[in-house]
Amino acid sequence: MRTHLLGIGIGAALALAPSVSFGQQDRGGIGGAVDQLNRAISPEQDQNQRRARDRSRSGADDRSTQNYSRYSDEDLRDRADRLEDESRQIERERRAVDDELDRRRIRR
């Protein structure tokens, strides 16, 4: 039954699609119609895919998702050294800003 509906839907999408262009980036034409049909047939699968995509996008900069186990020993040491250097630089800048605030008698 599902296969028949899919076949009918694809046939309707082909007949009714305003432009016949496969693989359009803007999801128009047949590709967009097929995507819309797939969402109508399997809405829970589409929602799961969207959730997974959103989770991966939102967690891109999240430290808890960083996987340092993939790093070689040398790469891990280099990363630790860079972080230490950045930390020192931030501390120097913080002291310079604090000194300037004191010089101007500005409170935070």
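Note that the structure is a prediction, hence the values are computed from the model and not measured.

(A) Quick look at the overall build of the protein chain. In terms of regular secondary structure, the protein chain is built from four helices and zero strands. Counting helices and strands in the order they occur from the N terminus, the protein chain gives α-α-α-α. Counting over 108 residues, the protein chain shows a buried share of 11%. Carbon together with sulfur atoms contributes 49% to the accessible area of the protein chain, which is approximately 9600 Å² in total.

(B) Representation of the pattern of salt bridges. Taken as a whole and judged by the stated rule, the model has eight salt bridges. The salt bridge partner of Asp85 is Arg88, with a shortest N-O separation of 3.0 Å. Taken together, the positions of Asp85 and Arg88, both in helix α4 (residues 73-103) and three residues apart, correspond to about one turn of that helix. Look at Arg88 and you get partly exposed, because its relative accessible area is 43%.

(C) Spotlight on unusual backbone geometry. With a phi angle near 60°, Arg105 is a residue other than glycine that sits in the positive phi range. With respect to the helices and strands, the residue Arg105 is situated in the segment after α4. For Arg105, a relative accessible area of 78% gives the class exposed.

About the criteria used
Residues numbered from 1 in each chain as written. Predicted model: local features only at pLDDT ≥ 70, side-chain atom pairs only at ≥ 80, totals over all residues. Heavy atoms only, no water. Helix = DSSP H or I, 4+ residues; strand = E, 2+ residues; numbered from the N terminus. Buried < 20%, exposed > 50% of the residue type's maximum accessible area, 1.4 Å probe, protein only. Areas by Shrake-Rupley, 256 points an atom, 1.4 Å probe, with all protein chains shown as cover. Salt bridge = Lys/Arg side-chain N within 4 Å of Asp/Glu carboxyl O.

None of this, on its own, says anything about what the molecule does.
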